Amino acid sequence: MIAAGFTARRVQRLRPRIESIVSAALDEMERAGPPADLVQCFALPIPSMVICELLGVPYADRAEFQQRSVIRFDGTRDMRTRMAAEAASLKYMAGLVARKRADPDEALLGTLVREHGEEVDDGELVGIGDLLLLGGHETTANMLALGSLFLLENPEHAEAARDGEHIDEMVEELLRYLSVVQSGVPRVAREDVTLAGQHIRRGERLLCSLPSANHDDALTPEAERFDATRTTGHLAFGHGIHYCIGAPLARLEMRLAYPALLRRFPGLGLAVASDEVAFRPSSVFYGLRELPVTW
Ligand code: HEM
């Protein structure tokens, strides 16, 4: 039901709208002039606006939901703070779902209410909306920020991304190489199983490290090397029945955003030394706190 709205074909229809969202973010950045924080000007607003429009979430609420998402997955915070942020996210979504029930719009949550309102209860709608809002902005924002940093530090790859001809392959390699999602949701073994020589007993919990898998030579030769001509797949979007439903959307956003950024600001460079770039110290998501740039 939900996945049908995110197939590659459905997502292609959003292309003109995503192009204009990217363009508007770059216009704003240009108007404000250098220096700029690429996280706030580019990486966060683009996926946030796209997912807000898709779901029917007011974009005016972005500062709150973006901040709650960061806190929920920040491993440096105590558990109580993180759980409070999660509870606040769910409460926010419950309010939104109640408004959609009362007055369903044309966006995804409103459409779900209109077409399947009898089959799904409010708790399910809240869970769906929360997961899509979180997955829809947080992961792609980290990819846009880290991918931009990588391109700024590797001008030969930036040149190729600006040219745009092989941008699809470049985006796949950035996804593999950067692996922003550090692990999937923990799994529980339903029966005894041996995986890669490791015996796992029924009931044991299992956490898969996606960066480790993506940087393993068993996946692709010389996995530590960035090579945009690779054709091997990767695990950045997970694998199996829980494979990311937002993958086509995230891919399209990145394929449009990186070249547009590099074309608009041909002289773009870091405004601080490389070792001063602030990474998130510990999170489920690999990412940047800010990315100061100038042009
Ligand atoms: C670069 C961007 C993204 C990355 C790297 C990414 C990564 C992932 C990964 C690794 C999983 C699997 C988790 C697991 O197996 O436990 C996943 C699941 C999921 N993602 Fe994404 N994601 C991205 C963008 C998005 C977007 C844009 C959306 C929303 C439109 C989204 C929505 C979801 C949802 C709903 C699931 C759960 C699927 C299920 O359990 O069946 N993701 N994502």
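For the structure, see preceding data.
One structure accompanies this document, and this report is about it. (Residues numbered from 1 in each chain as written. Predicted model: local features only at pLDDT ≥ 70, side-chain atom pairs only at ≥ 80, totals over all residues. Heavy atoms only, no water.)

Here's the deal with the side chain of Asp61
Alright, step 1. Tracing the backbone through its elements, the reader meets Asp61 in the loop between helix 4 (45–55) and helix 5 (62–72).
Alright, step 2. Buried and without a salt bridge, Asp61 has Arg99 as its closest oppositely charged side chain, separated by 4.8 Å. (Helix = DSSP H or I, 4+ residues; strand = E, 2+ residues; numbered from the N terminus. Buried < 20%, exposed > 50% of the residue type's maximum accessible area, 1.4 Å probe, protein only. Lys, Arg positive; Asp, Glu negative; His and termini not counted. Salt bridge = Lys/Arg side-chain N within 4 Å of Asp/Glu carboxyl O.)

Thoughts on the side chain of Glu253
Alright, step 1. In this structure, Glu253 sits in helix 12 (residues 247–264).
Alright, step 2. Despite its burial, Glu253 pairs with no opposite charge; the closest candidate is Arg17, at 11 Å N-O.
Alright, step 3. Setting aside anything within four residues of it in sequence, one finds Glu253 in contact with Ile18, Ile46, Pro47, Val50 and Thr140. (Contact = heavy atoms within 4.5 Å.)

Here's the deal with the packing of aromatic side chains
Alright, step 1. For the coordinates displayed, the defined rule picks out seven aromatic pairs.
Alright, step 2. Relative to Tyr177, the ring of Phe150 lies with its centre 5.5 Å away and its plane at 65°, an arrangement referred to as edge-to-face. On the criterion of sequence distance, the pair formed by Phe150 in helix 8 (residues 122–153) and Tyr177 in helix 10 (residues 167–178) is long-range, its members being 27 residues apart.
Alright, step 3. The partly exposed category is assigned to Tyr177, whose relative accessible area is 24%.
Alright, step 4. A centroid spacing of 6.1 Å and a plane angle of 65° characterise the contact between Phe237 and Tyr243, whose relative ring orientation is edge-to-face.
Alright, step 5. For Tyr243, a relative accessible area of 34% corresponds to the partly exposed category.
Alright, step 6. Here a set of aromatic residues connected by ring pairs shows up, and it is made of Phe150, Tyr177 and Phe226. (Phe/Tyr/Trp six-rings, centres within 6.5 Å; stacked < 30°, edge-to-face > 60°.)

Section: the site of the ligand
Alright, step 1. In the region of the ligand, 27 residues are neighbours, and Thr139, Val185, Arg187, His242 and Cys244 sit closest.
Alright, step 2. In this structure, an oxygen atom belonging to the ligand sits 2.8 Å away from a side-chain N or O atom of Arg187.
Alright, step 3. Only helix 8 and helix 12 provide two or more residues apiece to the shell around the ligand.
Alright, step 4. By residue number, the principal contributor to the shell around the ligand is helix 8, which donates seven residues.
Alright, step 5. When its residues are assigned to classes, the shell around the ligand shows 18 nonpolar, eight polar and one charged. (Near = heavy atom within 4 Å. Polar contact = N/O pair within 3.5 Å; in protein donor to acceptor, adjacent residues only side chain to side chain. Nonpolar A, V, L, I, M, F, W, Y, C, P; charged D, E, K, R; others polar.)

Here we look at the coordination of the iron atom of the ligand
Alright, step 1. Coordination of the iron atom of the ligand by the protein comes from a single atom, Cys244 (SG), at 2.3 Å.
Alright, step 2. Counting through the fold element by element, Cys244 comes out in the loop between helix 11 (210–214) and helix 12. (Donors = N, O, S within 2.8 Å, 3.2 Å for Na, K, Ca; no water.)

As for helix 10
Alright, step 1. An ideal rise of 1.5 Å per residue puts 16 Å on twelve residues; helix 10 measures up with 16 Å between its terminal C-alpha atoms.
Alright, step 2. Every buried residue belonging to helix 10 is among Ile167, Met170, Val171, Glu172, Glu173, Leu174, Leu175, Arg176 and Leu178, and all of these are buried.
Alright, step 3. If you follow the buried residues of helix 10, they end up packed against helix 8, helix 9 (155–163), helix 11 and helix 12.
Alright, step 4. Immediately downstream of helix 10, the backbone of Ser179 shows phi near 40°, a positive value. (Expected span 1.5 Å × (residues − 1).)

By themselves, these observations are geometric and do not establish any function.
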